[in-house]
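Here's the letter readout for the chains.
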Amino acid sequence: MIDALPENGVPGDRILAELHALRAGDLPTHGGRLFAYVYDPAVDGLDELARQAYAVSASVNGLDPTAFPSLLAMENALVGAAARLLGGDRATVGSVTSGGTESLILAVKTARDAHPSIQHPRLVVPSTAHAAFAKAAHYLRVGLDVVPVKDLRADPSAMAAAIGPDTVLVAASAPSYAHGVVDPIPALAALCAERGVRFHVDACFGGWILPYLRRLGADLPSFDLSVPGVTSISVDLHKYAYAPKGVSILLHRTEELRRPQYFAYADWPGYPMINPVISSTRSGGPIAAALATLRSIGDNGYLDLAASTRSAVQILSDAVKNTSGVRLFAPPETSVVCLASDGVDLFVLADELAARGWHTQPQMAYRSLEPTIHLTVTAAVRDTAPSFAADLSAAVAAARARGPVEVPPLPPLTPEMITPEFVAGLAEALGLGAGDFSRMAQVNALLNAAPPQLREALLTGFLSHLQRPSSE
Ligand SMILES: *Cc1c(COP(=O)(O)O)cnc(C)c1O
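Worth saying up front: this structure is predicted, and the values here are computed from it rather than measured.

## Let's talk about the environment of Gln363
Inference 1: On the secondary structure map, Gln363 appears in strand S12 (residues 361-363).
Inference 2: According to the relative accessible area criterion, Gln363 is buried, its value standing at 14%.
Inference 3: Sequence separation between Gln363 and Asn448 is 85 residues; the distance between their C-alpha atoms is 8.5 Å.
Inference 4: Sequence-distant contacts of Gln363, defined by excluding residues within four places in its chain, comprise Tyr177, Ala178, His179, Cys338, Phe347, Pro371, Thr372 and His374.

## Points about the domain arrangement of the protein chain
Inference 1: One can read the domain layout of the protein chain as domain 1 (52-293) and domain 2 (415-466).
Inference 2: The centre of domain 1, based on its C-alpha atoms, is set 33 Å off from the matching centre of domain 2.

## A word on the pattern of salt bridges
Inference 1: Inspection of the entire model under this criterion finds 16 salt bridges.
Inference 2: Among the salt bridges present, the one from Arg282 reaches Glu75, with a minimum N-O distance of 2.9 Å. Of this pair, Arg282 sits in the loop between strand S9 (273-275) and helix H10 (285-321) while Glu75 sits in helix H3 (residues 69-85), and the two are 207 residues apart along the sequence. Exposure class is identical for Arg282 and Glu75. Each is buried.

## Points about the pairing of strand S13 (residues 372-376)
Two faces make up the sheet, and in a regular strand the side chains alternate between them.
Inference 1: Most of S13 is tucked away, with five of its five residues classed as buried.
Inference 2: Every second residue of S13 is oriented toward a common face, with Thr372, His374 and Thr376 on one face and Ile373 and Leu375 on the other, all of them buried.
Inference 3: Judged from the four bridges that link them, strand S11 (residues 336-341) and S13 form a sheet pairing that is antiparallel. Directly across from Val336, in S13, lies its bridge partner Thr376.

## Brief notes about the side chain of Thr378
Inference 1: Inspection of the secondary structure puts Thr378 in the loop between S13 and helix H12 (388-402).
Inference 2: Its relative accessible area of 2% is what places Thr378 among the buried residues.
Inference 3: A polar contact of 3.3 Å, which involves the side chain of Thr378, links it to the backbone oxygen of Asp40.
Inference 4: Once you skip the residues sitting within four places of it in the chain, Thr378 turns out to touch Val38, Tyr39, Asp40, Tyr240, Tyr242 and Thr309.

## A look at the pairing of strand S6 (residues 232-236)
Inference 1: Burial analysis of S6 places five of its five residues in the buried class, the great majority of the element.
Inference 2: Side chains Ser232, Ser234 and Asp236 of S6 all project onto a buried face; the interleaved residues Ile233 and Val235 project onto the opposite face, where all are buried too.
Inference 3: Pairing analysis gives three bridges linking strand S5 (residues 198-202) to S6, with the strands arranged parallel. If you follow Val201 over to S6, its bridge partner there is Ile233.
Inference 4: The parallel pair S5 and S6, bridged by helix H8 (residues 210-215), forms a crossover whose chirality is right-handed.

## Let's talk about the site of the ligand
Inference 1: Taken together, Gly99, Gly100, Thr101, Leu104, His130, Tyr177, Asp202, Cys204, Phe205, Asp236, His238 and Lys239 make up the full set of residues adjacent to the ligand.
Inference 2: Between the ligand and the protein, one listed contact pairs an oxygen atom with a side-chain N or O atom of Asp236 at 3.3 Å.
Inference 3: A distance of 3.0 Å is found between an oxygen atom of the ligand and a side-chain nitrogen or oxygen belonging to Lys239.
Inference 4: Out of a free accessible area of 380 Å², the ligand has 84% covered by protein chains.
Inference 5: Classifying every residue of the shell around the ligand gives four nonpolar, five polar and three charged.

## Thoughts on the sheet that holds S12
Inference 1: Ordered by their spatial adjacency, four strands build an open sheet running S10-S11-S13-S12, and the pairing between neighbours is antiparallel. If you trace the sheet from one side to the other, it starts and ends with strand S10 (326-328) and S12, each paired once. This sheet shows a mean twist of 35° between the axes of neighbouring strands, independent of strand direction.

## Some details on the nonpolar core
The nonpolar side chains of soluble globular proteins are, as a tendency, buried together.
Inference 1: Among the nonpolar cores identified, the biggest contains 70 residues, and Phe199 and Trp208 are the most heavily contacted of them.
Inference 2: Among the elements that take part in this core, H10 stands out by supplying nine residues, more than any other.
Inference 3: Not counting the four nearest positions on each side in its chain, Phe199 is found in contact with Leu169, Val170, Ala171, Ala172, Ile185, Leu188, Ala189, Cys192, Gly229, Val230, Thr231 and Ser232.
Inference 4: Grouped together as the second largest cluster of nonpolar side chains are 29 residues, Leu316, Val337, Val344 and Val377 included.

## As for the sheet that holds strand S3 (residues 143-147)
Inference 1: Taken in spatial order, the seven strands line up as S1-S7-S6-S5-S4-S2-S3 in an open sheet, and their pairing is mixed. Only two strands of the sheet have a single partner each, and these edge strands are strand S1 (93-97) and S3. On average, adjacent strands in this sheet sit at an angle of 20° to one another, irrespective of strand direction.
Inference 2: Contacts from helix H4 (residues 100-113) reach S1, strand S2 (122-126), strand S4 (167-173), S5, S6 and strand S7 (248-252), with the element oriented near 25° to S7.
Inference 3: On the sheet, helix H5 (residues 132-140) packs against S2, S3, S4 and S5 and is oriented at approximately 155° with respect to S3.

## Considering the packing of H3 against H10
Inference 1: In contact at an axis separation of 10 Å, H3 and H10 are set at 45° when each is read in the N-to-C sense. Between H3 and H10, the interaxial angle falls into the category oblique. Pair H3 / H10 crosses with left-handed handedness. On the side of H3, the interface is formed by Leu71, Met74, Glu75, Ala77, Leu78 and Ala81, while H10 contributes Ile287, Ala288, Ala290, Leu291 and Leu294.
Inference 2: Tallied by class, the residues present in the contact of H3 with H10 amount to ten nonpolar, no polar and one charged.

## Quick look at helix H15 (residues 452-466)
Inference 1: Under the 1.5 Å per step criterion, the end-to-end length of H15 is 21 Å for 15 residues, consistent within 8% with the ideal 21 Å.
Inference 2: When we look at burial in H15, the residues that qualify are Leu454, Arg455, Ala457, Leu458, Gly461, Phe462 and His465. Buried positions in H15, seen along its axis, are confined to an arc of 165° and lie on one side of it. Across from the buried face of H15, at angles greater than 90 degrees, the exposed residues are Gln453 and Thr460.
Inference 3: On the buried face of H15, the contacting elements are helix H13 (420-429) and helix H14 (441-449).

How each quantity is defined
- Residues numbered from 1 in each chain as written.
- Predicted model: local features only at pLDDT ≥ 70, side-chain atom pairs only at ≥ 80, totals over all residues.
- Heavy atoms only, no water.
- Helix = DSSP H or I, 4+ residues; strand = E, 2+ residues; numbered from the N terminus.
- Buried < 20%, exposed > 50% of the residue type's maximum accessible area, 1.4 Å probe, protein only.
- Contact = heavy atoms within 4.5 Å.
- Domains from an automatic or database assignment.
- Salt bridge = Lys/Arg side-chain N within 4 Å of Asp/Glu carboxyl O.
- Pairing = 2+ DSSP bridges.
- Polar contact = N/O pair within 3.5 Å; in protein donor to acceptor, adjacent residues only side chain to side chain.
- Right-handed = clockwise from strand over helix to strand, strands pointing away.
- Near = heavy atom within 4 Å.
- Areas by Shrake-Rupley, 256 points an atom, 1.4 Å probe, with all protein chains shown as cover.
- Nonpolar A, V, L, I, M, F, W, Y, C, P; charged D, E, K, R; others polar.
- Axes fitted to C-alpha atoms, helices over the stretch in contact; angles between N-to-C directions.
- Core = buried A, V, L, I, M, F, W, Y, C linked by side-chain atoms within 4.5 Å.
- Parallel < 35°, antiparallel > 145°, perpendicular 65-115°, else oblique.
- Left-handed = near helix turned anticlockwise from the far one by under 90°.
- Expected span 1.5 Å × (residues − 1).
- Arc of directions from axis to C-beta.

In structure tokens form, the structure reads like this:
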């Protein structure tokens, strides 16, 4: 148990030793065997540089750029680099946000507030769009129109049909997180332009690697501000720009389009508040660390990292193709390998891969789509990819031998039945009480069998169960 407020202060070296001991229980952020959550270029010295840059600006407050012009200069540099990479021109403007979710919430807010006369604004997205759009719609009370996809890609005619007089924004992905496929951005942008509706490209995931993959010759469509009709685009620097967590960029085609993003309030006795983003006080740490990362890697460095990623994707997807019991679920056209099962229990397979040191991300069934395993591939995987095939085939054999996981018998549940007591009992029964999350097949199978609203209730209950204050 950690006492966050000891009676007397504790020496720094002991505190750091405790932090390192805690971190030892986490999944490995380096080593090319973790396929979600972290992005590792495996570049020597980069971590240390980013840490030092973070420390330089950690206490600086982005609230007021006139007090801390260093942050304004760094943000303008980051936005400028993103604009250049993503087809912007002299009119392009943007903001640095804390992450993809914040960039998307702001894109939706900006579009909503551009139309004060629309009483019930709506957002149109393909069903493969990131869940953060649903969060944005929920937070902002914007209606959400989810349009079915065709072969995992947004379907322009179905998207066009979903646009109505209250639509303030249409969005699509480049690429989608779940499957790593790029939506037909030029066709969608054209139809939005024709209807006079803003069109946001969610390149949070791929925005810093797609341009390089295209330069390397990958057959991918145009997806950025060079496409007429794209009015805004987001890219997370804490993904394929390999910056530490906490930095994304939202670009708008023009300053006029960005204008409703700002929140200004001067009608109180304190300082007049003018915020471009959701947070007011903001640390300069992530911004300085991102700038250091970009400047250290450089354009040619990102091209090399994309080449490494591309060859790793090729090796991993060949391994999937050549292993009976699994198959590719989506074309590995960007930096994701998404696989499905041919006769083995996919969640048992994920556990068996984890037991062999490969940490993947199970994805639940969705409507007509079966469950899949997702691999976000980063440059670090170039060194480990060649050993994946043997472990995959061993994991498939082990999953076959174990057979499908048994879901504990449960009465028919509804979200209202998920009380704290129920969750505590279930966590105990599933062996999650002791905080060991290495064998998740049963949990995943149970969630997979539940309809989305029940999944949401179970996971909310479980997270709430975990998030309780520790006491001495
Ligand atoms: C990661 C991601 C997001 C959300 O970004 P966060 O940084 O996790 O808030 C949005 N869209 C896509 C496509 C993503 O991959």
